[in-house]
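# An overview of the molecular structure
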Amino acid sequence: MTGVRKGLAKVEVALRWDPSPAGTPANDLDIVAAVYGAADLHREPVQLVHFGRRSPDGTITLNRDSHTGQGFGFDEVMTIELERMAEQLRRVVVGVVIQNALAGVGTGADPGRAKTFADIAGTGFRIREGHTDLAQGDFGSVSTATAATVAEFLRDASGAWSLDARVRGFDADPEEYTRAMGSVG
């Protein structure tokens, strides 16, 4: 789904995946949000929010964090309060990154290569406002990627926020990904 055009206020991005098989290293996926100001919409975020790093203004919170994918439903949930963001903040890019770098022994994959979405079963995401689903999907189209963007929120001249929900894959480690995730608009 792409191009939902309406004024958005408070959205929730949720991520799910299945636990890794018994005897194999846990899969750890993380939601990441990069916030860009009007002066630089694509290169350097003014805020980077992920596990262990909060939004300084409190407008983005990670409500649930999983390191294993265990549990029912969605394993990680991030809330983004767009209506509370400072006026100069114009773009929020949300993505998912695979944290544990190597595919691991016993998975059938080459233990020297980075895990990709193809190595992790049951991946999916949902973006909603209130009880209305705005977008949902999985990472099948970027199965060889190690990270992916799933949403871009843009503020127009009137101050209204819109959503462009599109999955774009990246072949990058978590640090590289946070530098590259906002490069394409």
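Now for a look at the structure at hand. (Residues numbered from 1 in each chain as written. Predicted model: local features only at pLDDT ≥ 70, side-chain atom pairs only at ≥ 80, totals over all residues. Heavy atoms only, no water.)

For the rest of this paragraph, the subject is the overall build of the protein chain. Each helix and strand in the protein chain was counted, giving one helix and eleven strands. Counting across all 185 residues of the protein chain, residues that qualify as buried make up 48%. In the protein chain, of all internal contacts separated by at least 6 residues, the share reaching a separation of at least 24 is 66%. (Helix = DSSP H or I, 4+ residues; strand = E, 2+ residues; numbered from the N terminus. Buried < 20%, exposed > 50% of the residue type's maximum accessible area, 1.4 Å probe, protein only. Contact = heavy atoms within 4.5 Å.)

Another aspect to go through is the packing of aromatic side chains. Given two aromatic rings, one states the distance between the centres and the angle between the planes to describe the pair. Here the structure, examined in full by the defined rule, presents three aromatic pairs. Between Phe117 and Phe139 the ring centres are 4.4 Å apart and the planes differ by 10 degrees, which places this aromatic pair in the stacked class. Here Phe117 is found in the loop between strand E6 (89-98) and strand E7 (124-129), whereas its partner Phe139 is found in the loop between strand E8 (132-137) and strand E9 (147-155), with 22 residues between them in sequence. By the burial criterion, Phe117 is buried, and Phe139 matches it. On the numbers, 5.2 Å between centres and 70 degrees between planes, the contact of Phe170 with Tyr177 is edge-to-face. Among the residues examined, Phe170 registers a relative accessible area of 13% and is labelled buried. (Phe/Tyr/Trp six-rings, centres within 6.5 Å; stacked < 30°, edge-to-face > 60°.)

Turning next to the nonpolar core. In this structure, Ile80, Val92, Val94, Ile127 and Phe153 are the most contacted members of the largest nonpolar core, which totals 36 residues. Listed by contribution, the elements that provide at least two residues to this core are strand E1 (10-16), strand E2 (29-37), strand E5 (76-81), E6, E7, E8, E9 and strand E10 (161-164). Per-element accounting of this core gives the leading share, five residues, to E6. Look past the residues within four positions of Phe153 in its chain and what remains in contact with it is Leu8, Val11, Ile80, Leu82, Arg90, Arg91, Val92, Val94, Ile127, Trp161, Ser162 and Leu163. Residues Ala34, Tyr36, Val93 and Met181 belong to the second largest nonpolar core, which totals eleven residues. (Core = buried A, V, L, I, M, F, W, Y, C linked by side-chain atoms within 4.5 Å.)

Quick look at the pairing of E5 now. Counting buried positions along E5 gives six out of six residues, so the element sits mostly inside the fold. Two elements, E1 and E5, share six bridges in a ladder whose sense is antiparallel. Paired with Val11 across the strands is Ile80, a residue of E5. (Pairing = 2+ DSSP bridges.)

What follows concerns the environment of Phe139. Classification of Phe139 as buried rests on a relative accessible area of 1%. Residues Phe139 and Ala118 lie 21 residues apart in sequence; the distance between their C-alpha atoms is 8.2 Å. Beyond its immediate sequence surroundings of up to four residues, Phe139 is in contact with Leu15, Val96, Phe117, Thr123, Gly124, Phe125, Ala148, Val150 and Val167.

Right, let's get into the pattern of salt bridges. Should the charged atoms of two oppositely charged side chains come close, the side chains can pair. In the structure shown here, the tally under the stated rule is seven salt bridges. One salt bridge in this structure joins Glu81 and Arg84, with 3.1 Å as the shortest N-O distance. Judged by relative accessible area, which is 43%, Arg84 ranks as partly exposed. (Salt bridge = Lys/Arg side-chain N within 4 Å of Asp/Glu carboxyl O.)

Once that is clear, we can look at the side chain of Thr149. By secondary structure assignment, the location of Thr149 is in strand E9. Thr149 gets classed as buried once you look at its relative accessible area, which sits at 2%. Those residues within four positions of Thr149 in sequence are excluded, and the remaining contacts are Val93, Val94, Gly95, Arg166, Val167, Arg168, Phe170, Tyr177 and Met181.

It is worth spelling out the pairing of E9 at this point. Of all the nine residues making up E9, eight are buried; the element is thus mostly covered by neighbouring parts of the structure. Taken together, the three bridges between E9 and strand E11 (residues 168-170) define a ladder with antiparallel strand orientation. Its bridge partner being in E11, Ala147 is matched across the sheet by Phe170. As defined by bridge partners, E9 adjoins E10 across four bridges and the pair is classed as antiparallel. The partner of Phe153 across the bridge, within E10, is Leu163. Between E9 and E10, which follow one another and run antiparallel, lie five residues, and Gly159 among them has a positive phi close to 95 degrees.

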